[in-house]
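What follows is each chain in one-letter form.
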2 protein chains.
Amino acid sequence: MPDTSRATDRNPTRAALVEAALHLFGRKGYDAASTREIAAHAGANIAAIAYHFGGKEGLRLACVEAISAQMGQVMALDALPPPTTPDAARQRLESVIRQVARFMASAAPAQDMAAFVLREITENGPLADTIYHRMMEQRHRMLCQLWGRATGTDPESEATRLAVFAMIGQVIYFRIGQPMILRRMGWDAISPDAAGRIGDLLVRNLHAALAATERTTP
Amino acid sequence: MPDTSRATDRNPTRAALVEAALHLFGRKGYDAASTREIAAHAGANIAAIAYHFGGKEGLRLACVEAISAQMGQVMALDALPPPTTPDAARQRLESVIRQVARFMASAAPAQDMAAFVLREITENGPLADTIYHRMMEQRHRMLCQLWGRATGTDPESEATRLAVFAMIGQVIYFRIGQPMILRRMGWDAISPDAAGRIGDLLVRNLHAALAATERTTP
DNA sequence: GTCTATAAACAGATAGAC
DNA sequence: GTCTATCTGTTTATAGAC
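Residues numbered from 1 in each chain as written. Chains lettered and ligands numbered in written order. Predicted model: local features only at pLDDT ≥ 70, side-chain atom pairs only at ≥ 80, totals over all residues. Heavy atoms only, no water.

**A few points about the protein's contact with DNA strand D**
Taken together, 13 residues sit near DNA strand D, with Thr13(A), Asn45(A), His52(A), Thr35(B) and Arg36(B) positioned nearest. What you see for DNA strand D is that sugar and phosphate hold 56% of its atoms within 4 Å of the protein. Between a phosphate oxygen of DNA strand D and a side-chain N or O atom of His52(A), the distance comes to 2.9 Å. Contacts to DNA strand D include Arg36(B), whose side-chain N or O atom sits 3.4 Å from a base oxygen. It is helix α3 (residues 46–53) of chain A that provides the largest number of residues to the surface near DNA strand D, a total of 3 residues. The class makeup of the residues in the surface near DNA strand D is 4 nonpolar, 7 polar and 2 charged. (Near = heavy atom within 4 Å. Polar contact = N/O pair within 3.5 Å; in protein donor to acceptor, adjacent residues only side chain to side chain. Helix = DSSP H or I, 4+ residues; strand = E, 2+ residues; numbered from the N terminus. Nonpolar A, V, L, I, M, F, W, Y, C, P; charged D, E, K, R; others polar.)

**Re the protein's contact with DNA strand C**
Looking at DNA strand C, the residues that line it are Ala33(A), Ser34(A), Thr35(A), Arg36(A), Ala50(A), Gly55(A), Lys56(A), Thr13(B), Asn45(B), Ala47(B), Tyr51(B) and His52(B). When the atoms of DNA strand C within 4 Å of the protein are grouped by moiety, sugar and phosphate amount to 56% of the total. Interatomic distance of 2.7 Å between a backbone N/O atom of Thr35(A) and a phosphate oxygen of DNA strand C. Every element with two or more residues in the surface near DNA strand C is listed here: α2 (35–42) of chain A together with α3 (47–53) of chain B. The element contributing the most residues to the surface near DNA strand C is α3(B), with 3 residues. When its residues are assigned to classes, the surface near DNA strand C shows 4 nonpolar, 6 polar and 2 charged.

**So, the packing of aromatic side chains**
All names here are of chain A. Tallied over the entire structure, the rule returns 6 aromatic pairs over all chains. Members of the aromatic cluster, each reached through a chain of ring pairs, are Phe25, Tyr30 and Phe116. The cationic tip of Lys56 hangs over the ring face of Tyr30; the distance from NZ or CZ to the ring centre is 4.5 Å. Of note, Arg60 hangs over the ring of Tyr30, and the distance from its end group to the ring centre comes to 3.8 Å. (Phe/Tyr/Trp six-rings, centres within 6.5 Å; stacked < 30°, edge-to-face > 60°. Lys NZ or Arg CZ within 6 Å of the ring centre and 35° of its normal.)

**Quick notes on the domain arrangement of chain A**
All names here are of chain A. Looking at chain A, the domain boundaries give domain 1 (1–74) and domain 2 (75–216). For domain 1 and domain 2, the distance between their C-alpha centroids amounts to 27 Å. Counting residues at the interface gives 21 residues for domain 1 and 20 residues for domain 2. Summed over both sides, the interface between domain 1 and domain 2 buries roughly 1900 Å², with carbon and sulfur atoms accounting for 64% of that surface. Our count for the contact surface shared by domain 1 and domain 2 stands at 1 salt bridge. One can count 5 residue pairs in polar contact (both at pLDDT 80 or more) joining domain 1 with domain 2. Within the residue set of the side of domain 1 that touches domain 2, elements represented by two or more residues are α1 (12–28) and α4 (56–74). (Domains from an automatic or database assignment. Contact = heavy atoms within 4.5 Å. Buried area = accessible area lost by both parts, 1.4 Å probe. Salt bridge = Lys/Arg side-chain N within 4 Å of Asp/Glu carboxyl O.)

**Some remarks on unusual backbone geometry**
Positive phi is not limited to glycine here, since Asn124(A) has a value of about 50°. Residue position: Asn124(A) is located in the loop between α6 (108–122) and α7 (128–151).

**Comments concerning the side chain of Arg184(B)**
Topologically, Arg184(B) is positioned in helix α9 (residues 178–185). The buried category is assigned to Arg184(B), whose relative accessible area is 5%. A polar contact of 2.9 Å, which involves the side chain of Arg184(B), links it to the side chain of Glu156(A). Excluding residues within four positions of it along the chain, Arg184(B) makes contact with Tyr132(A), His140(A), Arg141(A), Cys144(A), Glu156(A), Arg161(A) and Phe165(A). (Buried < 20%, exposed > 50% of the residue type's maximum accessible area, 1.4 Å probe, protein only.)

Structure (structure tokens):
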């Protein structure tokens with residue numbers, strides 16, 4: 001059993017297995033996706049899963065690590081210096097929303113990743129804790145910091161935390177509910193143009209919500 | 001094989017099976033939830049599933065019918081006369097949001113139903129079409145009517161349909177993402193008080209978004 | 001209507017050849 | 001590292017007693 005915990009994918013079979021697993025776990029759920037199906041989808045042998053990951057559970061963990069790595073790239077908030085003025089915070093929130101919206105609305109891998117994370121959380125599986133602490137909590141906290149700076153309110157107040165969840169809900173629903181949205185819109189995919197218009201809408205809602213917050217809690 | 005398609009639950013075993021199936025399908029997914037587990041959870045025998053529903057698939061269909069019936073009660077928009085003034089439309093939207101938010105945030109069955117529907121849609125299972133047409137589309141259309149009336153814009157324009165999806169996203173995220181939200185808020189459940197505050201937040205965001213729409217597209 | 005017993009297909013894991 | 005073959009347990013569905 002070699003590099004079971006390695007996130008880097010030097011081996012092409014290993015990488016293909018993670019990609020296929022992410023797709024099938026996300027689409028059908030962990031239990032419903034069989035190792036045979038995953039191996040076939042990756043063009044690999046069933047035994048390769050045990051070899052590279054030690055078993056099905058190891059493959060699940062490898063998926064979490066792959067998502068964590070990808071997510072760090074898309075929401076690279078951590079690297080930038082924290083904004084000092086309300087206006088700078090507002091702009092930072094705006095650019096985060098646009099970036100995440102573009103990623104969520106279009107990119108195919110995002111579908112699998114979002115579905116996978118959501119499932120792991122709602123099923124409260126063995127990796128729910130890991131996912132929450134490594135990917136969710138710190139990012140929400142950072143968004144609360146920006147929101148607090150932008151509105152002049154306490155970043156860790158209940159109102160702020162809930163407001164950030166409402167904002168997040170808008171963005172990720174365009175991913176989670178996408179099959180429904182596509183049908184209703186008469187689209188077969190979200191074009192780059194459409195993703196831009198969705199981003200515009202979400203930013204407009206962001207500004208409206210920020211203004212409403214400032215007016216309510218001065 | 002008796003009343004396979006009956007939605008009314010005269011038989012207590014039948015009703016218990018639907019309830020247990022809704023819970024387990026919603027929590028673990030259709031494939032992952034075994035008929036043995038469902039029967040045990042309902043205090044019934046495995047063979048009762050084949051007897052009452054013709055098989056596992058029939059049980060799945062019975063779940064859809066149960067949700068459809070429940071949803072008609074919670075979002076009883078259809079019965080009321082359509083509002084004529086923008087202000088009446090705004091109030092109608094507000095009351096729908098509060099009602100759905102209260103249901104989504106607290107009631108335990110809502111967890112199972114929301115998770116079940118979401119899964120069926122994202123897995124694009126055999127009942128995805130039924131669910132979309134019987135439960136999603138007409139309600140979204142009705143909300144678009146209200147939104148259009150409230151803002152004076154075309155109810156079926158792209159902007160309106162997307163704006164309604166953004167609004168819906170906020171509401172249902174407080175159900176879908178609830179395990180995450182509870183952790184972050186330090187709650188172990190959403191109290192009635194908290195549900196009220198979440199409703200306040202969502203209504204405030206609704207008003208802000210409506211105002212932003214009016215300003216943008218006069 | 002509800003139960004037991006069983007059939008036929010499937011799952012994940014592993015031993016060992018190459 | 002990758003493959004075939006096989007072991008062991010679990011799945012849904014069903015036949016038939018009561």
